[in-house]
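# Structural overview for review
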Amino acid sequence: MPDDPRIPASVGARPGPGASSARALVARIPRDWSEAFWVTLVVRLGLLAVGLLVWLQGSAPGPCHFEVARNGWATIPPLASDGIDLPLVGIWQRWDACWYGKIATFGYEQGTDATAFFPAFPLLVRAVALPLGGHVALAGMAVNLVASVVGLAGLHRLVARDLGVRVADRTILYLSIFPAALFLYAPFTEALFLAATAWAFVGAREGRWWLAAAAALVAGLTRTQGVLLVIPLAWEAAVAWRAGRVGVRRPGAGGGWGTAGGRRGSLLAPAAAVAAPVVGFLAFAWYTSAVVGLPFFDAQDAWGGRELHPPWETVAAALDWVSSGGQSAGIEALNVAVLVLFAAVTLLAVRSLPASYSLYAAASILLIAVRLQPIPLTSTTRLLLVVFPVFAALGIAGRHRRFDLAWTVASTLLLGFAAVTFVRGDFVA
């Protein structure tokens, strides 16, 4: 049956006359939420199994092994290193997750490079950790569980509205089994950023501008890429203004909104939505400078600097790194391949996607492609995980069964490879 964009995202099977009350309750759950829940649950169970297998083999080091051994931290966040905590939580407490746990526990300490990390995620982790006895690693995974469901539900709703329900089904599946999708599970910022971005788009596309503003503000407080939301949100606001859905209030018969003879909505809410990600970013930049004493941009110097280079230079440097067989050459090869793939898909899908999708994808990919760090294109696959328009374009291509099968199998295998590498303590992103 071909994809039908007219089917609403909330359509679900109606229970028969003899259905139980439980079935009736499930049937009332909107499809976007039910699909997001089941995809999140199944992928998390798979990643849990992978982690347990690696741990049983004895090849998983303790939590934050690199930071504890090399960084000389004066303060160390609570580590999930004892008993059942280690295989269930501690083996996922690595790299950036350790920094977020440290910030959630001690705040932005002077004399560290913590201000390179944005505050929204550790603030949520701190709040959730309070009733958990300060267990920041478990709190981070709990935050990501909820954020993953919220983010995938928002993404499903958005894509179903624009491209059809079956494309939306494939979009959230493809994103959830992407090689870097383990970072929706481990306590990193990807799940929260995806949720904020998806709902910012939902708010803008549905004309719910205060929702868009709130979500965009969270995105701007979650990671650097959040500031790029100003581009698609400004586009959506301009489209809404030209269509007469927002503008100067004026009296009219019937007092309608965006209707002939009625009143246009105020420009305040769209303007707030467009400004929100920039406000979040600038507020954090001010805080790091005025309160902590280590400006955000200065802290970036400890993580590879802030110099930007043309994409062809970064790709060439990454290929040289791969050919030389340097550290993490396999992951670096994956970074190059995924970057080229995402750029190609974005170009090819321009006519198939709403303009705001393409603008956001292009800006995000360009920002990721111009970083030349100690290892070129470091973390590229992880950073591209949240560029959801590419997954929507792949969801369209997934109408062809051979592509759907090939992508699903290849992506799942690479996700398994990345998860094993991560749990073993090797750098992934």
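Everything below is about the structure printed above this text.
This write-up is about the structure you can find in this document. As a convention, each chain's residues are numbered from 1 in the sequence order in which they are written. With pLDDT at 70 or above as the cut-off, local features in this predicted model cover only qualifying residues; side-chain atom pairs require 80 or more to be listed or tallied, and sums for whole chains, interfaces and linings still use all residues. Water and hydrogen atoms play no part in the side-chain values, which are based on all heavy atoms of the structure.

## Here we look at the nonpolar core
Formed by 102 residues in total, the largest nonpolar core has its most connected members in Trp-92, Leu-175, Leu-182, Trp-209, Phe-342 and Phe-422. Working rule for contacts: check all heavy atoms of both residues, and any pair within 4.5 Å makes them a contact. Among all residues touching Trp-209, those that are not within four sequence positions of it are Gly-203, Ala-204, Leu-233, Glu-236, Ala-237, Ala-240, Val-246, Ala-269, Pro-270 and Ala-273. By nonpolar core we mean a set of buried residues, namely Ala, Val, Leu, Ile, Met, Phe, Trp, Tyr and Cys, connected to one another through side-chain atoms within 4.5 Å. Residue burial is assigned from relative accessible area. The probe radius is 1.4 Å, only protein chains are included, and a residue is buried under 20% of its type maximum, exposed over 50%, and partly exposed in between. If you look at the next biggest cluster of nonpolar residues, it comprises 25 residues, including Phe-121, Val-136, Val-143 and Leu-192.

## A look at the packing of helix H7 (residues 136–163) against helix H8 (residues 165–176)
Fitted lines through C-alpha atoms give the axes, limited to the stretch in contact for helices. The angle between two N-to-C directions lies from 0 to 180 degrees. Numbered from the N terminus, helices here are DSSP runs of H or I no shorter than four residues, and strands are runs of E no shorter than two. For the pair H7 and H8, interaxial distance at closest approach is 7 Å and the crossing angle is 145 degrees. For H7 against H8, the interelement crossing comes out right-handed. Here Leu-152, Leu-155, His-156, Val-159, Ala-160 and Leu-163 of H7 lie close against H8, whose contacting residues are Val-165, Val-167, Ala-168, Asp-169, Thr-171, Ile-172, Leu-175 and Ser-176. Split into classes, the residues belonging to the contact of H7 with H8 amount to 10 nonpolar, 3 polar and 1 charged. Take the far helix as your reference; a near helix turned counterclockwise from it by less than a right angle gives a left-handed crossing, and one turned clockwise gives a right-handed crossing. Only Asp, Glu, Lys and Arg are considered charged, only Ala, Val, Leu, Ile, Met, Phe, Trp, Tyr, Cys and Pro nonpolar, and every remaining residue, Gly among them, polar.

## Structural notes on the pattern of salt bridges
Basic side-chain nitrogens of Lys or Arg form a salt bridge, by our definition, when they fall within 4 Å of a carboxyl oxygen of Asp or Glu. In the structure shown here, the tally under the stated rule is 10 salt bridges. For Glu-206, the salt bridge identified is with Arg-157, shortest N-O distance 2.9 Å. One end of the pair, Glu-206, is in the loop between helix H9 (190–205) and helix H10 (209–220); the other, Arg-157, is in helix H7, with 49 residues separating them in the sequence. For Arg-157, a relative accessible area of 25% puts it in the partly exposed group. Between Glu-236 and Arg-205 there is a salt bridge; the shortest N-O distance is 2.9 Å. In this pair, Glu-236 sits in helix H11 (residues 230–242) while Arg-205 sits in helix H9, placing the two residues 31 residues apart along the sequence. Linked by salt bridges that have partners in common, Asp-96, Glu-190, Arg-223 and Arg-382 make up one network.

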